[in-house]
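Residue-level structure breakdown
Listed here are the chains, written in short residue letters.
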Amino acid sequence: MTAFNDESGTGDALRRALGVNRRRFLSTCTAVGAGAIAAPVLGASPALAQDRGRGHDHDHGRGHVLVPPGKRGIILYTVRDATARDPLASDLPSGFREVFKQLARHGYRQVEFAGYGQHANAPGGANLGTVAGAKLLRSWLDDYGLRAQGNHGFIPPSWPLTSADVDTFKLNLEIANILGMDHMGTGGDPTGSAYPADWDVAADKWNALGRIARSEGIKLYTHNHDSAYGFLLDGGPLDAQGRPTRSSGIRKLEYFLKATDPKLVWLEMDIFWAHVAQYKFHTYTAHDGSTREKVFDPAGLVARNNKRYPLFHAKDGVVSTTNGMGYDMVPFGTGVIDYTTFFSRVGERNYHNPMVEDDNSPSATDPAQSLREAKISYDNLAALRARRR
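We now turn to the structure provided with this report. This one's a predicted model, so the numbers in the text were calculated from it and none came from an experiment.

Next up on the list: the nonpolar core. Counting 80 residues, the largest nonpolar core has F113, L179, Y229, M269 and F343 as its most contacted members. Per-element accounting of this core gives the leading share, seven residues, to helix α8 (residues 196-215). For F113, the contacting residues outside a window of four places in its chain are I75, L76, F96, F100, L137, L141, A148, G150, N151, H152, L179 and M181. Within the second largest apolar cluster, five residues are counted, among which are Y221, W266, L311 and M355.

Structure representation (structure tokens):
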């Protein structure tokens, strides 16, 4: 079997850290060495099924709660069909106010916005992304015991920053403060490039934006998809445009973490997409032309940079060997990503803010599905307990 150049030091160390049994780890490594992965390294067994239960928020012989009640959140993108629903055409919860009410009934205590638009017939009208709209939203959040913890909103496209973009950015910070957010961010990666020079530019821009956000008392965060945890191209022969074609094994967002000021820039790990990255980006071509293996360890990266990751997207997946990603997205707690191990390893349970997400919850044929699955996801998030030793 090809030896691992892994991020925990040795293959056995990584296997133990990920909570994967030795037989599965060895079989996966063999598949990697053969040039194909039959299934993701992490999540072969649905560990949540063993830890799911109806217990309370204390031990009762089952280990402490991994996500405290006040930290259980959801990004509203998961129920975007409900906020966009016409209240005059449906008896189901429609618009922000009614959706907040239903989410609070489910047990959620935090929400992350994905913009401030809703159906025009809902209370407050279509656009609540104004100072007045934010005050209305805040009153509803307060009514139902919810806290806004972030937003996937406006990040200036300009660099250097234009005065118009700065004004819009500051307006979004004002709205965030009205809503009571500690954090404000975006749903996209800092750059889609594979080259350090472009990530250096992105770091300069985000440091500048983070400085503005800090002056308003807000922590600015960026969100990842799978490609951001792929490998940088930072050496080796140059292509026709003078760009490097090979890698040192450094991942893009790891580079970004070191290039940005920890007092100005934070990250929200999308745990699902991080595991897709683990599945997709496990080998790289080194500067000398050799092929090397380096398995991505999402929880390990967070544990090494814990205070840089105040928020998570907690979304689940079932194994897929046909879609090129390793997983198909499903409601939280119904898949195979081992969240018991992940949350146990990263710790800091009173610091991190996991936001449940399922991009596929809205249904064209079942209008009640997204809020129903939000309840399923909440129950499974609340049921997570640390394993007893």
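There is more to say, and it comes next.
Right, let's get into the packing of α8 against helix α9 (residues 252-259). Contact geometry for α8 and α9: axes closest at 9 Å, N-to-C directions at 45°. With respect to each other, α8 and α9 are oriented oblique. Both α8 and α9 take part in a crossing whose hand is right-handed. From α8, P196, W199, D200, A202, A203, W206 and N207 reach across to α9, where they touch K252, L253, Y255, F256 and A259. Looking at the contact of α8 with α9 residue by residue, the classes come out as nine nonpolar, one polar and two charged.

To continue, consider the side chain of Q110. With respect to the helices, strands and loops of the structure, Q110 is situated in strand β2 (residues 110-113). The residues touching Q110, leaving out its near neighbours within four places in the chain, are G70, K71, R72, G73, I74, L146, R147, Q149, N353 and M355.

What follows is about unusual backbone geometry. A cis geometry characterises the amide bond from W159 onward to P160, with omega recorded as 0°. Along the chain, the position of P160 falls in the loop between β3 (147-151) and α7 (163-179). Despite not being glycine, E348 has its phi angle at roughly 50°, a positive value. Among the structural elements, E348 can be located in the loop between α12 (339-346) and β14 (353-356).

Further remarks concern the pattern of salt bridges. Scanning all chains against the criterion turns up 15 salt bridges. Between R97 and E98 there is a salt bridge, and its shortest N-O distance comes to 4.0 Å. Notably, a salt bridge pairs R243 with D239, separated by 3.0 Å at the nearest N-O pair. Connected via shared salt-bridge partners are D270, K315, E357 and D359.

Every second residue of β14 is oriented toward a common face, with N353 and M355 on one face and P354 and V356 on the other, all of them buried. When strand β1 (residues 73-75) meets β14, the two strands line up parallel, connected through two bridges. Each bridged residue has a counterpart across the sheet, and for I74 the counterpart in β14 is V356.

Okay, the side chain of E112 next. In this structure, E112 sits in strand β2. Lacking a salt bridge, the buried E112 has K315 as its closest oppositely charged neighbour, with an N-O distance of 9.5 Å. Only 3.2 Å separates the side chain of E112 from the side chain of H152, close enough to count as a polar contact. At a separation of 2.8 Å, a polar atom in the side chain of E112 contacts the side chain of H313.

Let's shift gears to the environment of S361. Here S361 is to be found in the loop between β14 and α13 (369-382). Judged by its relative accessible area of 1%, S361 falls in the buried class. Separated by 283 residues in the primary sequence, S361 and T78 have C-alpha atoms spaced 6.1 Å apart. With near-sequence residues (within four places) excluded, S361 lies in contact with T78, Q369, S370 and E373.

Applying the stated criterion to the full structure yields 17 aromatic pairs. Taken together, a centroid distance of 4.9 Å and an interplanar angle of 45° make the contact between F231 and Y284 tilted. Pair noted here: F231 is in the loop between β5 (219-223) and β6 (235-238) and Y284 is in strand β9 (residues 283-285), with a separation of 53 residues, a long-range link. Using a relative accessible area of 11% as the deciding quantity, one classes F231 as buried. Accessibility expressed as a relative area gives 6% for Y284, which makes it buried. With a centroid separation of 5.4 Å and 80° between ring planes, the pair formed by F312 and F342 is classed as edge-to-face. Here F342 lies in helix α12 and F312 lies in strand β11 (residues 311-314), a separation of 30 residues in the sequence. Here the aromatic cluster, defined as three or more aromatic residues joined through ring pairs, consists of F312, F332, Y339, F342 and F343. Taking the ring centre of Y351 as reference, the NZ or CZ of K307 above it sits at 4.1 Å.

Cut-off values and rules
All residue numbers refer to position in the chain's written sequence, counted from 1. With pLDDT at 70 or above as the cut-off, local features in this predicted model cover only qualifying residues; side-chain atom pairs require 80 or more to be listed or tallied, and sums for whole chains, interfaces and linings still use all residues. Side-chain calculation: all heavy atoms of the structure are included, whereas hydrogens and water are not. We define a nonpolar core as any set of buried Ala, Val, Leu, Ile, Met, Phe, Trp, Tyr and Cys residues linked to one another through side-chain atoms lying within 4.5 Å. Here the term buried applies to any residue with accessible area under 20% of the maximum for its type, exposed to any over 50%, and partly exposed to those in between, with areas from a 1.4 Å probe on protein chains only. Starting at the N terminus, helices and strands are each numbered in turn, a helix being any DSSP run of H or I of at least four residues and a strand any DSSP run of E of at least two. Whether two residues touch is decided by their heavy atoms; if any such pair falls within 4.5 Å, the residues are in contact. Every axis in this analysis is a line fitted to C-alpha atoms, fitted for helices over the stretch in contact. Angles between the N-to-C directions lie between 0 and 180 degrees. Any angle that is under 35 degrees is reported as roughly parallel, and any over 145 degrees as roughly antiparallel; angles of 65 to 115 degrees are reported as roughly perpendicular and all others as oblique. With the far helix as reference, a near helix turned anticlockwise by less than a right angle produces a left-handed crossing, and one turned clockwise produces a right-handed crossing. For this classification, the nonpolar set comprises Ala, Val, Leu, Ile, Met, Phe, Trp, Tyr, Cys and Pro, the charged set comprises Asp, Glu, Lys and Arg, and every other residue, Gly included, is treated as polar. The term salt bridge refers to a side-chain nitrogen of Lys or Arg lying within 4 Å of a carboxyl oxygen of Asp or Glu. Strand pairing is defined by DSSP finding a minimum of two bridges between the two strands. A positive count includes Lys and Arg, and a negative count includes Asp and Glu. His and the chain ends are not counted in either. Contacts described as polar in this section are N or O atom pairs within 3.5 Å, which, within protein, must combine one atom able to donate a hydrogen with one able to accept it, while residues neighboring in sequence count only if both atoms come from side chains. The aromatic pairing rule takes the rings of Phe, Tyr and Trp, using the six-membered ring of Trp, and pairs them if the centres are within 6.5 Å, calling planes under 30 degrees apart stacked, those over 60 edge-to-face and the rest tilted. We count a charge as sitting over a ring when the NZ of a lysine or the CZ of an arginine lies within 6 Å of the ring centre and within 35 degrees of the ring normal.

Keep in mind that these numbers describe shape and distance, not what the molecule does.
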